[in-house]
Amino acid sequence: MFARVSTYRPAPDSTGAPSEETVSQVLGLPGCRGIYYLLGKENTSLSITLWDDEDALAGSRQVADRIRSETSAEQHMEVLRVDEFDVLNQHLKD
């Protein structure tokens with residue numbers, strides 16, 4: 001599994017929360033396994049998307065860039081950085 005982590009700085013009047021449309025667009029991309037949105041206390045937020053494999057991650061880059069640009073403009077957020085990772089472990093309690 002692979003992950004893309006985008007870091008944002010929301011405007012003071014923005015919660016950084018994505019719209020349902022944005023979530024649906026991302027989850028509809030081939031190979032997308034899930035998405036998390038996190039809001040930090042220091043005026044930053046993160047989106048973490050999970051992908052089946054490296055090909056799905058690479059194949060989503062162009063569309064993900066477009067969605068990120070549109071969403072950040074709508075939500076009044078600055079995109080600070082985008083990183084990609086190989087997920088080495090995953091553990092969730094039931």
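Residues numbered from 1 in each chain as written. Predicted model: local features only at pLDDT ≥ 70, side-chain atom pairs only at ≥ 80, totals over all residues. Heavy atoms only, no water.

*Asks:* Looking at this model, I keep getting lost on the nonpolar core. Mind explaining?
*Replies:* A general feature of soluble globular proteins is that nonpolar side chains tend to end up buried together. Listed in full, the ten residues of the largest apolar core are F2, V23, V26, L29, C32, I35, W51, A56, L57 and I67. Listing elements by their share of this core, those giving two or more residues are helix 1 (20–27), strand 2 (32–39) and helix 2 (54–74). Each residue touching C32, except ones within four places of it in the same chain, is listed here: V26, L27, L50 and W51. (Core = buried A, V, L, I, M, F, W, Y, C linked by side-chain atoms within 4.5 Å. Buried < 20%, exposed > 50% of the residue type's maximum accessible area, 1.4 Å probe, protein only. Helix = DSSP H or I, 4+ residues; strand = E, 2+ residues; numbered from the N terminus. Contact = heavy atoms within 4.5 Å.)

*Asks:* Even after reading the chapter, I still don't get helix 1, so can you show me in this structure?
*Replies:* Side chains of residues three or four places apart in an α-helix project in the same direction, reflecting 3.6 residues per turn. Of the positions making up helix 1, those classed as buried are T22, V23 and V26. Seen from one end, helix 1 has its buried residues packed into an arc of 100 degrees, which puts them on one side. Facing away from the buried side of helix 1 by more than 90 degrees, the exposed set consists of E20, E21 and S24. Buried residues in helix 1 make contact with strand 2, strand 3 (45–51) and helix 2. (Arc of directions from axis to C-beta.)

*Asks:* It is not clear to me how a nonpolar patch on the surface should be interpreted in this structure. Could you clarify?
*Replies:* A cluster of nonpolar side chains, contributed by Y36, L38 and L92, occupies part of the molecular surface with about 340 Å² of accessible area. Note that L92 resides in the segment after strand 4 (77–86). (Patch = residues over 30% accessible without salt bridge, like charges linked within 9 Å, V, L, I, M, F, W, Y side chains within 5 Å. Areas by Shrake-Rupley, 256 points an atom, 1.4 Å probe, with all protein chains shown as cover. Salt bridge = Lys/Arg side-chain N within 4 Å of Asp/Glu carboxyl O.)

*Asks:* Whenever I open this one, helix 2 confuses me. Can you help?
*Replies:* In this model, helix 2 (21 residues) spans 29 Å end to end at C-alpha, consistent with the 30 Å of a helix rising 1.5 Å per residue. For helix 2, the set of buried residues is A56, L57, S60, A64, I67, R68, T71 and S72. The secondary structure elements touched by the buried residues of helix 2 are strand 1 (2–10), helix 1, strand 3 and strand 4. Phi for H76, located one or two positions after helix 2, is positive at around 60 degrees. (Expected span 1.5 Å × (residues − 1).)

*Asks:* Just checking my understanding: could you explain the pattern of salt bridges for this structure?
*Replies:* As a working rule, side chains carrying opposite charge can pair if their charged atoms are close by. Using the criterion set out here, one finds seven salt bridges in the structure. Across the pair E70 and R66 runs a salt bridge whose closest N-O atoms are separated by 3.1 Å. On the criterion of helical spacing, the pair formed by E70 and R66 is a turn pair, its members being four residues apart in helix 2. According to the relative accessible area criterion, E70 is partly exposed, its value standing at 36%. Exposure remark for R66: the relative accessible area of 40% places this residue in the partly exposed category. D83 is the salt-bridge partner of R81, the closest N and O atoms lying 2.6 Å from each other.

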